[in-house]
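What the coordinates show
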Amino acid sequence: MQTEATPSTWTSGLILAGLAAVCTALVAVTHSRTAPRIAANEQAYLEQSLKPVLQGIEYDGNLSESTITILPPHELPGDEDVPVYRVYADGAPVAALFVVRAMDGFSGPIRLLVGIDAGGSISGVRVLEHRETPGLGDLIDADKSDWIRQFNGKSLASPPVAAWTIKRDGGEFDQLTGASITPRSVIKAIRETLVYYDKNREDVFAVEAEAKAQ
Ligand SMILES: Cc1cc2nc3c(=O)[nH]c(=O)nc-3n(C[C@H](O)[C@H](O)[C@H](O)COP(=O)(O)O)c2cc1C
């Protein structure tokens, strides 16, 4: 059976369409007003997250101003895109911060922020994301123990590459009691990042920075 739209149906429809248009306009205005603030907050959060791996380094500008992404296949740990934050002072490179994934953690990948100064020494490492066991592997987290700070100032020259492992395996670095899988994984990833930097330092700083999305 067919029914015809009555005048009151049309009126209701028009009112609903009008309300929908007003709501859409309100959302659009709110978005355009808050978007810059959200972007600024995200920027500030990112800057705060990057600072801990820049111990003792003077730098200028925004840390995320000169970012590049290294695409797979690459020789860095993990098989993902690797963001690299390049850090400068007076126009000269002073550090590069790599976000890499250690693939052989006890409970899956461990995302790391590895800071390397211009001379190739570690300026700091922080665990960004992991699923390691509380009280065992999770001591890699800087909030849980000082373990991750033992890499500050270390390079491929000191200790030599072969010693970039835990003491039990003949290396330089402390293990974690009852949990050697996690430290082996993290140390290997840091070492691989150092090796990559050593081989590709000039390229890392030569590539043009990515345009920022507005
Ligand atoms: C429930 C459970 C959780 C564990 N979590 C971890 C972990 O997060 N990281 C780790 O390296 N080992 C962990 N282990 C221990 C490993 O199985 C392995 O025994 C250990 O890494 C070997 O280190 P060790 O030779 O120093 O004992 C866990 C073991 C069990 C039973």
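About the cut-offs
Residues numbered from 1 in each chain as written. Predicted model: local features only at pLDDT ≥ 70, side-chain atom pairs only at ≥ 80, totals over all residues. Helix = DSSP H or I, 4+ residues; strand = E, 2+ residues; numbered from the N terminus. Rg over C-alpha atoms; globule rule 2.2 N^0.38 Å. Buried ≥ 20, exposed ≤ 12 C-beta atoms within 10 Å, placed from the backbone. Contact = placed C-beta atoms within 7 Å. Pairing = 2+ DSSP bridges. Axes fitted to C-alpha atoms, helices over the stretch in contact; angles between N-to-C directions. Expected span 1.5 Å × (residues − 1). Bend = angle between axes of the 7 residues up to and from the residue. Near = placed C-beta within 6 Å. Nonpolar A, V, L, I, M, F, W, Y, C, P; charged D, E, K, R; others polar. Core = buried A, V, L, I, M, F, W, Y, C linked by C-beta atoms within 7 Å. pLDDT = per-residue confidence, 0-100.

Considering the overall build of the protein
Across its full length, the protein holds two helices and five strands. Along the chain direction, N to C, the helices and strands of the protein fall in the order α-β-β-β-β-β-α. For the protein, the C-alpha radius of gyration of 25 Å lies well beyond 17 Å, the compact-globule estimate for 214 residues. Overall, the C-alpha framework of the protein stretches about 85 × 45 × 30 Å when taken along its three principal axes. The proportion of buried residues among the 214 residues of the protein is 27%. Considering only contacts in the protein between residues 6 or more positions apart, those separated by 24 or more positions represent 50%.

Things to note about the sheet that holds strand E4 (residues 110–117)
An order of E1-E2-E3-E4-E5 is seen for the five strands of this open sheet, with the pairing classed as antiparallel. Two strands close off the open sheet at either side, each with one partner strand: strand E1 (67–70) and strand E5 (122–129). Across the sheet, the mean angle from the axis of one strand to that of its neighbour is 20 degrees, orientation sign disregarded. As defined by bridge partners, E1 adjoins strand E2 (residues 82–89) across four bridges and the pair is classed as antiparallel. Considered in E2, the bridge of Thr67 is made with Tyr85. Sheet strands touched by helix H2 (residues 181–206): E2, strand E3 (92–102), E4 and E5. Its angle to E3, the strand with the most contacts, is close to 140 degrees.

A word on the environment of Asn152
By the element assignment, Asn152 lies in the loop between E5 and H2. Taking the C-beta count within 10 Å as the criterion, Asn152 has 15 such neighbours and is therefore assigned partly exposed. Sequence spacing of Asn152 and Ser64 is 88 residues, and the spatial spacing of their C-alpha atoms is 22 Å. The residues contacting Asn152, other than those within four sequence positions of it, are Gln55, Ile122 and Gly124.

Description of the pairing of E3
Pairing of E2 with E3 involves six bridges; the strand directions are antiparallel. The residue of E3 that forms the bridge with Val87 is Ala95. Hairpin connection of E2 to E3: two residues between the antiparallel strands, including Asp90 at a positive phi of 50 degrees. Two elements, E3 and E4, share eight bridges in a ladder whose sense is antiparallel. Counterpart to Val99 in the pairing with E4 is Leu113.

Here's the deal with helix H1 (residues 7–50)
Because the α-helix completes a turn every 3.6 residues, residues three or four places apart line up on one side. Across its 44 residues, H1 extends 63 Å between first and last C-alpha, which sits within 8% of the 64 Å expected from 1.5 Å per residue. When the local axis directions of H1 are compared, the greatest deviation, roughly 35 degrees, occurs at Thr34, which is followed within four positions by the proline Pro36. Summarising burial for H1: one of the 44 residues are buried, a small minority.

Brief notes about H2
Between its first and last C-alpha atoms H2 spans 36 Å; for 26 residues at 1.5 Å apiece the expected length is 38 Å, and the two agree. Asn200 marks where H2 bends most, by close to 80 degrees.

Some details on the site of the ligand
Every residue near the ligand is listed here: Phe106, Ser107, Glu132, Thr133, Leu136, Gly137, Gln175, Gly178, Ala179, Ser180, Ile181 and Thr182. The class makeup of the residues in the shell around the ligand is four nonpolar, seven polar and one charged.

A closer look at the nonpolar core
Residues Leu97, Phe98, Leu112, Val125 and Ile190 are the most contacted members of the largest nonpolar core, which totals 38 residues. Broken down by secondary-structure element, the contributors of at least two residues to this core are E2, E3, E4, E5 and H2.

A look at the confidence of the model for the protein
Scored by pLDDT, the protein comes out at a mean of 91, with 96% of its residues at no less than 70. For the protein, H1 is the element with the lowest average pLDDT, namely 82, and E4 is the one with the highest, namely 98.

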